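Per-entry structural report
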Amino acid sequence: MSNIGIDLGTNTTLIYVKDKGVVLKEPTVVAFDKDLDKIVEIGEEAKVMLGRTPGNIVAVKPVVRGVISDYTTTEKLLKYFIRKAVGRNFFGKRPRISISVPSGITEVEKRAVEEVTYNAGARDVTILEVPVAAAIGAGVDISRPVGNLIVDIGGGTTDIAVVSMGGTVISSSSKVAGGDFDEAIGRYVRKKYNLLIGEKTEEEIKLNIGTCYKRPENISLDISGRDLVTGLPKTITITSDETEEALREQTGQIVDAIHSVLEITPPELAADISDRGIVLTGGGALLHGLEQLIEEKTGITTLTAEEALSAVVIGTGKYNDYISDQRI
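Reading guide: rules and limits
Residues numbered from 1 in each chain as written. Predicted model: local features only at pLDDT ≥ 70, side-chain atom pairs only at ≥ 80, totals over all residues. Heavy atoms only, no water. Helix = DSSP H or I, 4+ residues; strand = E, 2+ residues; numbered from the N terminus. Contact = heavy atoms within 4.5 Å. Areas by Shrake-Rupley, 256 points an atom, 1.4 Å probe, with all protein chains shown as cover. Lys, Arg positive; Asp, Glu negative; His and termini not counted. Charge placed at Lys NZ, Arg CZ, Asp CG, Glu CD. Expected span 1.5 Å × (residues − 1). Buried < 20%, exposed > 50% of the residue type's maximum accessible area, 1.4 Å probe, protein only. Arc of directions from axis to C-beta. Pairing = 2+ DSSP bridges. Core = buried A, V, L, I, M, F, W, Y, C linked by side-chain atoms within 4.5 Å. Phe/Tyr/Trp six-rings, centres within 6.5 Å; stacked < 30°, edge-to-face > 60°. 1 Å grid on protein atoms, 1.4 Å probe; cavity = no way out; pocket = protein on both sides within 12 Å on 5 of 7 lines; lining within 4 Å. Points joined across faces, edges and corners; volume = space filled by probe spheres on them. Salt bridge = Lys/Arg side-chain N within 4 Å of Asp/Glu carboxyl O. Axes fitted to C-alpha atoms, helices over the stretch in contact; angles between N-to-C directions. Parallel < 35°, antiparallel > 145°, perpendicular 65-115°, else oblique. Left-handed = near helix turned anticlockwise from the far one by under 90°.

**Quick look at the overall build of the chain**
- Along its length, the chain carries 11 helices and 18 strands.
- Overall, the C-alpha framework of the chain stretches about 70 × 55 × 30 Å when taken along its three principal axes.
- Within the chain, counting contacts between residues at least 6 apart in sequence, those at least 24 apart form 62% of the total.
- Of the roughly 15,200 Å² that the chain leaves accessible, carbon and sulfur atoms contribute 47%.
- Separation of charge centres in the chain, based on 37 positive and 47 negative side chains, amounts to 6 Å.

Next up, the structure:
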């Protein structure tokens, strides 16, 4: 059976199959019927239910900040996604699975990921730290004794690491990530306009006009929600300049976390990073202006990987081949 790479993210799960590429990208969401005590939907179908379900059906995210919070549900979600990605004959041919984890999680949390992956049908499991996977997926040659600074901004965590000679030299994991961008926008709208908006609208604002660096042109978007004063539906116009203000604290914390890693990086590796630049991966890296902000605050050239959203899962899927190449 082909090697499989899994990026089990807080918001999105991606699966990579050798020789096929990324074959699945679905929300890490499960819809659960409390009355019947059973799962109703998983993935995209479950996400549609968020905020729209009757009292007996709850849409839950079983992975929080890159860590499994609901073991049984995560196992069922993984089984479903793997079967969907590689076909129903999957369980007759148990595959080798590499799965990524945030660099800051504990050994107990790593073991939980390993165990749930075995129970989901793996023959062999390799646990891989997100920055190493992201570097491989971004096309960085991490086998050489040269320092590379990788910043992966996922939905629940931001992983920052100096990678060299196939592994992490220094790493840091921040709890500020893409999901916090959405929440910060929601809080801003609630505070300034007394308007309550849903998760989907928060994300829509971030993707369409969100920025952390002043745009040349101040663009706007009409959004709707519930007026907290009257309780009635209401539509307002929000601008990109407002999103820059809303996201200032969160993006500032990510820049500070990068600074902290650079401050403890050995001089030789720091010189390499200065020459080679900083590589951004993850969905959060696509926030407009993030490259410019980090470059301005660190003085180091910053680039976003071509396949930023898929870099971690691509690297996870290619890891076993990468290791085999190093042994030749």
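**Quick look at helix α8 (residues 248-263)**
- Given a rise of 1.5 Å per residue, 16 residues ought to cover 22 Å, and the 22 Å separating the end C-alpha atoms of α8 matches this to within 8%.
- Every buried residue of α8 is listed here: Gln250, Thr251, Ile254, Val255, Ala257, Ile258, Val261 and Leu262. On an axial view of α8, the arc spanned by its buried residues comes to 155°, and they lie on one face. Opposite the packed face of α8, turned more than 90 degrees from it, sit the exposed residues Glu249 and Glu263.

**Focus: the pairing of strand β16 (residues 233-239)**
- The sheet contact formed by strand β15 (residues 220-227) and β16 spans 7 bridges and is antiparallel. Within β16, the residue paired with Gly225 across the bridge is Lys234.
- A loop of 5 residues connects β15 with β16, the two strands running antiparallel in sequence, and Gly231 in this loop sits at a positive phi of about 80°.

**Notes on the nonpolar core**
- Residues Leu149, Val189, Ile205, Ile223, Ile238, Ile258 and Ile278 are the most contacted members of the largest nonpolar core, which totals 39 residues.
- If one sorts the elements of this core by residue count, α8 sits on top with 6 residues.
- With residues up to four places along the chain from it excluded, the contact list for Ile278 reads Leu149, Val151, Ile258, Ile273, Ile294, Thr298, Ile300, Thr301, Thr302 and Leu303.
- Ranked by size, the runner-up nonpolar core spans 26 residues in total, among them Val17, Leu24, Val67 and Ile97.

**Some words on the side chain of Thr316**
- Considering the arrangement of structural elements, one finds Thr316 in helix α11 (residues 311-327).
- When residues no more than four places from it in sequence are discounted, the contact partners of Thr316 are Gly5, Ile6, Ser98, Ile99, Ser100, Leu128 and Ala133.

**Quick notes on the packing of aromatic side chains**
- A complete count under the given rule lists 1 aromatic pair for this structure.
- Ring plane angle 50° and centroid distance 5.9 Å describe the contact between Tyr80 and Phe81, whose orientation is recorded as tilted.
- By relative accessible area, which is 29% here, Tyr80 ends up partly exposed.
- Here Phe81 falls in the buried class, since its relative accessible area comes to 0%.

**Digging into empty space enclosed by the protein**
- Throughout the structure, instances matching the rule amount to 1 cavity of 30 Å³ or more.
- Its boundaries defined by the atoms lining it, the largest cavity holds a volume of some 40 Å³.
- Residue lining of the largest cavity: Leu8, Val63, Gly66, Val67, Ile68, Ser100, Val101 and Val113, and that is the complete set.

**Let's talk about the pattern of salt bridges**
- Counted according to the given criterion, the structure contains 12 salt bridges.
- For the salt bridge of Lys47 with Glu203, the shortest nitrogen-to-oxygen distance reads 3.5 Å. Remark: Glu203 occurs in helix α6 (residues 199-209) and Lys47 occurs in helix α1 (residues 44-48); sequence separation between them is 156 residues.
- Of the residues examined, Lys47 reaches a relative accessible area of 34% and is grouped as partly exposed.
- Note that Asp180 and Arg65 form a salt bridge whose closest N and O atoms lie 2.8 Å from each other. You can see Asp180 sitting in helix α5 (residues 178-193) and its partner Arg65 sitting in the loop between β7 (63-64) and β8 (67-68), a full 115 residues away along the chain.
- Residue Arg65 is classed as partly exposed on the basis of its relative accessible area, which comes to 24%.

**Brief notes about the side chain of Asn3**
- Tracing the backbone shows Asn3 in the segment before β1 (4-8).
- For Asn3, a relative accessible area of 8% gives the class buried.

**Observations regarding the packing of α8 against helix α10 (residues 290-298)**
- Two elements in contact, α8 and α10, have axes whose closest approach is 10 Å; the angle formed by their N-to-C orientations is 45°. Of the possible angle classes, the one that applies to α8 and α10 is oblique. Our pair here, α8 against α10, has a crossing hand that is right-handed. Contact residues: α8 offers Thr251, Val255, Ile258, His259 and Leu262, while α10 offers Leu290, Leu293, Ile294, Lys297 and Thr298.

**Some words on the sheet that holds strand β13 (residues 167-174)**
- The sheet built from 5 strands is open, its strands ordered β13-β12-β11-β17-β18 with mixed pairing. A single partner strand is all that each edge strand has here, and the edge strands are β13 and β18 (302-304). Strand after strand, the sheet turns through a mean of 20° between neighbouring axes, direction not considered.
- For strand β11 (residues 148-153) and strand β12 (residues 158-164), the ladder comprises 6 bridges, and the chain directions are antiparallel. From the neighbouring strand, Leu149 faces β12, where its bridge partner is Val162.
- With respect to the sheet, helix α4 (residues 130-137) is in contact with β11, β12, β13 and β17 (278-281), its orientation differing from that of β11 by roughly 105°.

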